[in-house]
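Below, each chain spelled out in residue letters.
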Amino acid sequence: MSRCVCTSIVASMLAIWTPGLDGQTVGRDAALSLEFEALKFDPPDPEIHEVLGVPVLFIEDHSVPLVSVFASFKGGYARLPRGEYAAGTALASLLRFGGTQTLAPDSVDKLLEYYSIQTLFGGGGESVVASLNTLTEHLPLALDLWAQLLKQPAFDDDQIDIWRGRAVEQIRRREDNVQGLAYSEFNRLMYGDHPVGWEMRMDDLSEEALNREQLLNVHSKILCRQQMTLGASGDVSWPDLEVQLRRALADWPHCEGELPPSPAPDIRREPGVFVIPRALEQSVIVMAHPTSVHMAEDPEYFAAQIGNSILGSGGFSSRLLARVRTEEGYAYSASSLWTMPRRYDGLVGAITQTRPESTVPAIRLMLETMTEMTEEPPSADEVRTGVDRLVNGFVFNFDTPGRIVSRRMYYLARELSPDWLERYLRGVQGVTPSAIHDVFRRNLRPEAMTILVVGDPERIGRESLASLGPVTIWEVEGGR
């Protein structure tokens, strides 16, 4: 860009932000002087019904001729034995792509495409979820097809082999995603033989461990009636929808027994420095220690949420990014982590990537930044920024009836209050600097961090690493 063009742009900008000669306020002052009525935001509450013993959350919405239906099942690989880990992990995908007892996989695909039916199947350690979205006129057919995929899956052998092949390839390519490798190995380091620490192995994918019989066994434990919650929203009345749901649920199998809860983890609590040696241009650093702050309607939980934003999860305004990136130039990004599960302890810590030569200085700087959070309260401006960021994004939890229903289902499954989002909003708005200081002082111990580094020990400096504490070489399962 030429100098004359730059000068012209600067002059134009100055003109925009300069008061008018006629005394009128213009530019920034004019914008700041604008006044607006307070926004009125009253999202609809789902109706709560029951159909054949299954709870159903429902919002009627005729704005567009579409209907969405959601299903959530309590249960996932975390509530199964280790030998069923592969089947529990593959279950959601093979529900969608494995066909039904009356339809081959390609026939299902053709029907979904012809009638423009959108489906989503997913899951994790604690649940399996599914949804469909369809034109109102196609709802009976779409709901019947979706229900057949969920309750009468075929688990086609060819589709099982395709899933197995992809999983085998992911294992072989683990080293290609160094950041993912660091996170999964850190979980294994901290959680050991617990579902959070499990990683797919080749023996999990043998034909004896992953086959149609195994999948049907896992399916019967999870996708049964007593484990189910349904939700729906869209262009349909409740009487019409109830008739269709009754038809879909009439022959849905009952659970033969209750799944055990996922086991409480025995999280590593001893500090230490662990290294996965790799010749990399960027070291990956993950550090954390256990914390007992849980997801609950508790002032400590709300203070930890805002405090974590100030420390490192809040992007460019957070302390970690300001110190590590802006002030020292050690890394492009750095952030904190603070997991707060509902039932058991989580982790608090930080992550970043940096040049090998900057690895130890970056670790020390992050530890110093965390220590500062335990020594004195954050400023009122920092708290206000953290609260505003969360509150300003709050409306997006309610931007569609479908999202409202699916979120309420999520909270119901975790035995939270139906108005949890509203309670959460009030909780974070009441957070004070002193409350944040207290929660960090009680729960953050930088000296107790378990530190995992994936990188080149020679370029990092073995003596430099040892200055952080005793160093242990961490072996990757199935790694080189």
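Just so it is clear, the structure is predicted and the values come from calculations on it, not from any experiment. (Residues numbered from 1 in each chain as written. Predicted model: local features only at pLDDT ≥ 70, side-chain atom pairs only at ≥ 80, totals over all residues. Heavy atoms only, no water.)

Chemist: So what's going on with helix H7 (residues 178–191)? Which residues, and what values?
Modeler: Between its first and last C-alpha, H7 extends 20 Å over 14 residues, near the 20 Å set by a 1.5 Å rise per residue. A large share of H7 lies buried, amounting to ten of its 14 residues. Of all the residues in H7, the buried ones are Val178, Leu181, Ala182, Ser184, Glu185, Phe186, Arg188, Leu189, Met190 and Tyr191. Of the residues one or two after H7, Gly192 is the one with positive phi, at around 60°. (Helix = DSSP H or I, 4+ residues; strand = E, 2+ residues; numbered from the N terminus. Expected span 1.5 Å × (residues − 1). Buried < 20%, exposed > 50% of the residue type's maximum accessible area, 1.4 Å probe, protein only.)

Chemist: Give me the lowdown on the sheet that holds strand E1 (residues 47–51), citing residues and values where you can.
Modeler: Spatial strand order, E1-E2-E6-E3-E5-E4: six strands in an open sheet with mixed pairing. Every interior strand has two partners, whereas the edge strands, E1 and strand E4 (118–123), have only one. With strand direction ignored, the average angle separating the axes of adjacent strands in the sheet is 15°. With seven bridges joining them, strand E3 (residues 66–74) and strand E6 (residues 228–234) adopt antiparallel strand pairing. Following the sheet pairing, Ser68 is matched in E6 by Ser233. (Pairing = 2+ DSSP bridges. Axes fitted to C-alpha atoms, helices over the stretch in contact; angles between N-to-C directions.)

Chemist: Any chance you could break down the confidence of the model for the chain for me, citing the residues and the numbers?
Modeler: Put simply, the chain has an average pLDDT of 91, and 93% of its residues get 70 or more. For the stretch residues 1–18, pLDDT sits under 50, and the model shows seven contacts to residues farther than four places along the chain or on other chains. (pLDDT = per-residue confidence, 0-100. Contact = heavy atoms within 4.5 Å.)

Chemist: So, the pattern of salt bridges: which residues are in play, and what are the values?
Modeler: Taken as a whole and assessed by the stated rule, the structure comprises 27 salt bridges. Of the charged contacts, one joins Arg173 and Asp176 as a salt bridge, the two residues approaching to 3.4 Å between their closest N and O atoms. Accessibility expressed as a relative area gives 47% for Arg173, which makes it partly exposed. The salt bridge partner of Asp419 is Arg423, with a shortest N-O separation of 2.7 Å. Judged by relative accessible area, Asp419 falls into the partly exposed class, the value being 26%. Taken together, the shared-partner salt bridges connect Arg174, Glu185, Arg188 and Glu199 into one network. (Salt bridge = Lys/Arg side-chain N within 4 Å of Asp/Glu carboxyl O.)

Chemist: Explain the sheet that holds strand E12 (residues 471–473) to me, and be specific about the residues and the numbers.
Modeler: If you walk across this open sheet you meet the six strands as E9-E10-E8-E11-E7-E12, and the pairing is mixed. Of all strands in the sheet, those with a lone pairing partner are strand E9 (334–338) and E12, marking the two edges. Across the sheet, the mean angle separating the axes of adjacent strands is 20° when strand polarity is ignored. Relative to strand E11 (residues 450–455), strand E7 (residues 272–277) is paired through six bridges, and the arrangement is parallel. Pairing of Gly272 across the sheet is with Thr450, part of E11.

Chemist: Which residues make up the pairing of E3, and what values do they have?
Modeler: The element E3 is extensively covered by neighbouring structure, given that seven of its nine residues are classed as buried. The pairing of E3 with strand E5 (residues 127–135) spans nine bridges and is classified as antiparallel. Counterpart to Lys74 in the pairing with E5 is Ser127.

Chemist: I'd like to hear about the environment of Met366, residue by residue, with values.
Modeler: Looking at the element boundaries, Met366 is found in helix H12 (residues 359–375). Put simply, Met366 and Val218 are 148 residues apart on the chain and 43 Å apart in space, counted from C-alpha to C-alpha. Setting aside its immediate chain neighbours within four residues, Met366 contacts Ile285, Met287, Leu320, Val324, Ala350, Ile351 and Thr352.

Chemist: Break down the packing of aromatic side chains for me, citing the residues and quoting the values.
Modeler: The final tally for this structure, using the stated rule, is 14 aromatic pairs. Judged by centre distance (4.9 Å) and plane angle (85°), the rings of Tyr114 and Tyr115 are edge-to-face. The cationic tip of Arg325 hangs over the ring face of Tyr332; the distance from NZ or CZ to the ring centre is 4.4 Å. (Phe/Tyr/Trp six-rings, centres within 6.5 Å; stacked < 30°, edge-to-face > 60°. Lys NZ or Arg CZ within 6 Å of the ring centre and 35° of its normal.)

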